[in-house]
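If you want the building blocks of each chain, they are given just below.
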Protein chains: 2
Amino acid sequence: MTGLDLKKIVRDIREFEGLTRKKPIEDIVRIFENVRSDYQGTIIDFGDDAAVIGIGGDDVILFAADGIWGKITEASPWWAGYSSVLVNVNDISAMGGRPLAMVNILSTDNMDACEQLIKGISDGVKKFSVPMVGGHMHPDTPYTSISVAIIGIAKKDCIIRSDTAQAGDAVIAAYDLDGRLGPNSPYSWDTTSFKDPSQVREMYMVMQKIGEAKIATAGKDISNPGTIGTLGMLCESSKVGAMVDLDRIPVPDSVDLEQWLKVYPATGYVLTAKEENASECIRIFRDAGITAAVIGSINDSRRLEIFNEDSKATVFDFNSDTITGINMDF
Amino acid sequence: MTGLDLKKIVRDIREFEGLTRKKPIEDIVRIFENVRSDYQGTIIDFGDDAAVIGIGGDDVILFAADGIWGKITEASPWWAGYSSVLVNVNDISAMGGRPLAMVNILSTDNMDACEQLIKGISDGVKKFSVPMVGGHMHPDTPYTSISVAIIGIAKKDCIIRSDTAQAGDAVIAAYDLDGRLGPNSPYSWDTTSFKDPSQVREMYMVMQKIGEAKIATAGKDISNPGTIGTLGMLCESSKVGAMVDLDRIPVPDSVDLEQWLKVYPATGYVLTAKEENASECIRIFRDAGITAAVIGSINDSRRLEIFNEDSKATVFDFNSDTITGINMDF
C-alpha cells in the first residue's frame, strides 16, 4: 500500500489516548513492588493480562481486573456492561486460560443507566458463558462506573505470557474480521454481539488450543492501545524490539489501516512464535474463523519499527520510551 | 443492663445506612439469576461473603469483591486504601479460607488522594500479607474510588457458609476488643493498624481453624450493617430466626452498646454452632486473642428478636422483611 504517511501513523499511535492512559500503571507498580517478593504462590503478577497464582499441582489460577473507560459508560451503559465481560474474558483467554467466574463492582446513582448496564453485563454473561458470581454495589455515587474481576484456570506449562518473546520469533497478528465498527466508538470493532454464543465460545478457545500445542513464545490480546500499541507493550515487557510490515496486517474491507491500528478489535491477538511454528499458529486461528498473518519479526534492538514499501519509522524506542514501565527497572 | 430503649435500637438498626445500602443487591441478583444454573463449577454464588468455585479435587477457590464507601474515601484516602484490603481479607477469612491474592480497580483524577490511597493499600498488603497482583487504573475520572477483588483457597468440606444455620444452634458473637474508634468514622473500630503483622495474621486464621475443626454450622464477618444487621443477613439466607440477649454481647469498655451495634469491628464474626460445640468455638477464638460469647440461639420463626432484662423487640421479620432479598424467592 503506497501513500501512507508513516510519521503521522507513529504520532497517532504514540498520542492515542488508549495508549497514553497506560502510563500511570508505572507509578502503581513501583509502589507495590516492595511486597511482591514476599509471596511465593505468585508466578507472574503485574505486567501480563492476568496474574498467575500457583495453587500446588499442575493447574494455576489466572486472576485479572478491568474497568470500562468512563467515556464508553456515558455513551452507552449497555455496551459498557457488555464490554466489561468481553475485556475480562479476553484477559484470561489471551493467556491460554479457561474463564471460571467473574465478580463486579458497580457504582451509580442513576437507576436508568444502571439497569441498562446490568442488562449489558447479563447479555455478556450469556454470550461468553462465564458466570457472574458476586459483586458489590455502591448505590449512592455521583457517577456510573463498572469494573469486573475474573478468574480462570490453566495448565501451568501451557500459559501464553507476554514477557517471553525472543529475537528471531515471527510476529503474528490475528483478528476476527467479521465485525462492524461502533456504534458507540469509532475505535471499537464489535465481533460478538450479533453472533451465536456457541460460535463465540469456540472462537475464544483459540488461544487455549495454541497454548496447549506449545507453539507460541508469547502473546497478548489487542486492547485499547491498538495493534501496534499492544505489540509495543509485549516488546517492552519482553525487553525486545520488533520490525512490522504494515502491508501484511489483515484489515477489514470497510476500515482503513490508519484507523484499524487504533481499534479495539474485540477478538484480536498479537502472538510471537518460532518461524517454524508460525504456519501452525495461523492454521489454528483460521480453523476458529480468525484471520491471522505473519506481520513481522522480533529482534533485540528494543525498538518497535514499522515499514511499508515507501518508508520506515520508529514507533517506540524502549531504550528511552516507556509505555507501562513494567519490567524496565526490575 | 437496664434502661436500654429497645424500640430505638431496632429503629437505629433498621434505618442505619450501613444496612439499607444492602437493599439494591436484591435487584442485581434477580437480573443475574437466569444465568446461574448454566454453570456447573460454582458451588455458592451471590449471598455469601465470597463465591465458591469448584476446580476439581478437594480444594475450592473463594472469590469476592468489595469497594469502599465514598464517604470513607473522602474522609481519608489512606484509610480507604487500607480498608479495601481489610474488608476483602475478611470476606475470605470469614468463610474459613486462606487469602491468595488481590487485584484492584482505582479511579481518580486527584493524584494527591491517589497517592495516599495507594499508600493505604500498600500498608494493608504488608499488614495482612496478601499480595496485590494486578489491577486497572482509570486516571481520568472526576472522583476517587477504590475497589478490590480477592481470591482464596479452602478445603471444600471446611468452608463456613452463611446459609446453613439451623434451629437450635447457639449464636456466637466474636470480636477483637483491643481496638479504637475512628479516627475517620464513629462506626469504624480499628483493631489492626497499630498491631504487628504476625499478630494480625494469626488472628485472621481463626475462622480457618474453626472451619477445619468442623464445629460451626454457619458464620459471617460483621460488616457495615453491624452485629445485629449481619446476623440478620445470616438468618435471611439461612431462612431461620434468632433470639439475641443484648446483655451477653461483648462490648469494649470505651463504647456504649447502642453505638457498638452499628460499628464495623474490623475483626468480628457472628457464628452459629451446635450447643455442644459452642465452648470449643469460644476457646479457639480466645486462643487467637478474640473475645467471644454465646449471645442467643437460632430458631425457626424467621424473626430476629432482641431482648434484655426489661423488654423484647423484633428487629426483622423475614416473613415480610428483606435485607438483601437473597434466598427469599429462589
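Rules behind the numbers
- Residues numbered from 1 in each chain as written.
- Chains lettered and ligands numbered in written order.
- Predicted model: local features only at pLDDT ≥ 70, side-chain atom pairs only at ≥ 80, totals over all residues.
- Heavy atoms only, no water.
- Helix = DSSP H or I, 4+ residues; strand = E, 2+ residues; numbered from the N terminus.
- Contact = heavy atoms within 4.5 Å.
- Axes fitted to C-alpha atoms, helices over the stretch in contact; angles between N-to-C directions.
- Left-handed = near helix turned anticlockwise from the far one by under 90°.
- Nonpolar A, V, L, I, M, F, W, Y, C, P; charged D, E, K, R; others polar.
- UniProt positions renumbered as here; feature names shortened; annotations may be inferred.
- Phe/Tyr/Trp six-rings, centres within 6.5 Å; stacked < 30°, edge-to-face > 60°.
- pLDDT = per-residue confidence, 0-100.
- Expected span 1.5 Å × (residues − 1).
- Buried < 20%, exposed > 50% of the residue type's maximum accessible area, 1.4 Å probe, protein only.
- Salt bridge = Lys/Arg side-chain N within 4 Å of Asp/Glu carboxyl O.
- Pairing = 2+ DSSP bridges.
- Polar contact = N/O pair within 3.5 Å; in protein donor to acceptor, adjacent residues only side chain to side chain.
- Parallel < 35°, antiparallel > 145°, perpendicular 65-115°, else oblique.
- Domains from an automatic or database assignment.
- Buried area = accessible area lost by both parts, 1.4 Å probe.

**Things to note about the overall build of chain A**
Counting secondary structure elements, chain A contains eleven helices and 15 strands. A separation threshold of at least 6 residues defines the contact pool for chain A, and within that pool the share at least 24 residues apart is 80%.

**What to know about the packing of helix α5 (residues 77-93) of chain A against helix α6 (residues 111-128) of chain A**
Residue and element names in this part refer to chain A. For the pair α5 and α6, interaxial distance at closest approach is 6 Å and the crossing angle is 35°. Helix-helix and strand crossings are classified by hand; for α5 and α6 the assignment is right-handed. The residues of α6 that touch α5, namely those facing P77, W78, G81, Y82, S84, V85, L86 and V89, are A113, Q116, L117, K119, G120, I121, D123, G124, V125, K127 and F128. Classifying every residue of the contact of α5 with α6 by side-chain character gives eleven nonpolar, five polar and three charged.

**Description of the UniProt feature "domain: PurM-like C-terminal" (unreviewed entry) in chain A**
Following the UniProt record, one finds the feature "domain: PurM-like C-terminal" (unreviewed entry) at residues 194-306 of chain A. Taken end to end, residues 194-306 of chain A is 37% helix and 25% strand, and its two terminal C-alpha atoms sit 34 Å from one another.

**Points about the packing of aromatic side chains**
Counted under the stated rule, the structure contains 19 aromatic pairs over all chains. Ring geometry for B:F316 versus B:F318: centroids 5.5 Å apart, planes at 20°, classification stacked. Linked through ring pairs, A:W78, A:W79, A:Y82, A:F128 and A:Y204 together constitute an aromatic cluster.

**Quick look at the confidence of the model for chain A**
All names here are of chain A. For chain A, the average pLDDT comes to 86, and 87% of its residues sit at 70 or higher. Below a pLDDT of 50 lies the segment residues 34-39, which in the model reaches nine contacts outside its immediate sequence neighbourhood of four places, other chains included. Both scores are given for the predicted complex: the pTM is 0.86, the ipTM 0.83.

**Details of helix α9 (residues 226-238) of chain B**
All names here are of chain B. Relative to the 18 Å expected for 13 residues at 1.5 Å per residue, α9 spans 18 Å between its end C-alpha atoms, a close match to the ideal helical length. Counted residue by residue, α9 has 13 buried out of 13 residues, so it is predominantly covered. Backbone geometry just after α9 places K239 at a positive phi near 60°.

**Comments concerning the pattern of salt bridges**
Counted by the stated rule, this structure contains 32 salt bridges over all chains. With its nearest N and O atoms 2.4 Å apart, the salt bridge here joins A:K195 to A:D176. Taken together, the residues A:K195 in the loop between β9 (189-190) and α7 (197-203) and A:D176 in the loop between β7 (170-175) and β8 (180-181) connect sequence positions 19 residues apart. With respect to burial, A:K195 and A:D176 carry one shared label: buried. Across the pair B:K8 and B:D12 runs a salt bridge, and its minimum N-O distance is 2.9 Å. Of this pair, B:K8 and B:D12 both sit in helix α1 (residues 6-15), separated by four residues, roughly a single helical turn.

**Brief notes about the sheet that holds strand β12 (residues 268-273) of chain B**
Residues and elements named next belong to chain B. Strand order in the open sheet formed by seven strands is β10-β12-β7-β13-β11-β14-β15, with mixed pairing between adjacent strands. Here the strands that pair on one side only, and so sit at the sheet edges, are β10 (218-221) and β15 (312-317). For this sheet, the mean inter-axis angle between neighbouring strands, taken without regard to orientation, is 20°. In terms of strand pairing, strand β7 (residues 170-175) meets strand β13 (residues 291-299) through six bridges, oriented antiparallel. The residue bridging V171 from the neighbouring strand is G296, located in β13. Packing against the sheet, helix α11 (residues 278-287) makes contact with β7, β12 and β13, and its axis sits at approximately 5° to β7.

**Brief notes about the sheet that holds strand β11 (residues 241-245) of chain A**
Residue and element names in this part refer to chain A. Read from one edge of the open sheet, seven strands run β10-β12-β7-β13-β11-β14-β15, paired in mixed fashion. Where the open sheet ends on each side, the last strands, each with one partner, are β10 (218-221) and β15 (312-317). With strand direction ignored, the average angle separating the axes of adjacent strands in the sheet is 20°. Taken together, the four bridges between β10 and strand β12 (residues 268-273) define a ladder with antiparallel strand orientation. In the sheet register, K220 faces β12, and the bridge partner there is V270.

**Observations concerning the pairing of β11(A)**
Residue and element names in this part refer to chain A. For β11, the tally of buried residues reaches four of five residues, placing the bulk of the element in the interior. Note: β11 against strand β13 (residues 291-299), four bridges, orientation antiparallel. Counterpart to A242 in the pairing with β13 is I298. Where β11 and strand β14 (residues 303-307) come together, four bridges link them in parallel fashion. Bridge pairing in β14 links V244 to I306.

**Looking at the pairing of β15(B)**
Every regular strand shows the same layout, with side chains that alternate between the two sheet faces. All names here are of chain B. As paired elements, strand β14 (residues 303-307) and β15 share five bridges and run antiparallel to each other. Bridging across to β15, I306 finds its partner in A313. Connecting β14 to the antiparallel partner β15 that follows it, the hairpin turn spans four residues.

**Some details on the side chain of A:S76**
Residue and element names in this part refer to chain A. Of note, S76 is situated in the loop between α4 (70-75) and α5. The exposure class assigned to S76 is buried, which follows from its relative accessible area of 12%. There is a polar contact of 3.0 Å between the side chain of S76 and the backbone nitrogen of W79.

**With respect to the packing of helix α8 (residues 206-213) of chain B against α11(B)**
The relative placement of two packed helices is expressed as an angle between their axes plus a distance between the axes. Residue and element names in this part refer to chain B. Following both chains from N to C, one finds α8 and α11 inclined at 150°, their axes separated by 9 Å at the closest point. Between α8 and α11, the interaxial angle falls into the category roughly antiparallel. Crossing of α8 over α11 shows right-handed handedness. Residues V206, M207, K209 and I210 of α8 touch α11, and the partners they reach there are C281, I284 and F285. Of the residues belonging to the contact of α8 with α11, the class tally is six nonpolar, no polar and one charged.

**Examining the domain arrangement of chain A**
Residues and elements named next belong to chain A. Taken as a whole, chain A is organised into domain 1 (6-22 + 160-317) and domain 2 (41-155). Placing a centre on the C-alpha atoms of domain 1 and another on those of domain 2 gives a separation of 22 Å. Contact residues are listed per partner, giving 27 residues for domain 1 and 27 residues for domain 2. Taking both partners together, domain 1 and domain 2 bury about 2300 Å²; carbon and sulfur atoms supply 51% of that area. Linking domain 1 with domain 2 are zero salt bridges, by the criterion used here. Inspection of the region where domain 1 meets domain 2 yields nine residue pairs in polar contact (both at pLDDT 80 or more). Every element with two or more residues in the side of domain 1 that touches domain 2 is listed here: α2 (17-20), α7, α8 (206-213) and β10. Class assignment for the residues of the side of domain 1 that touches domain 2 results in nine nonpolar, nine polar and nine charged.

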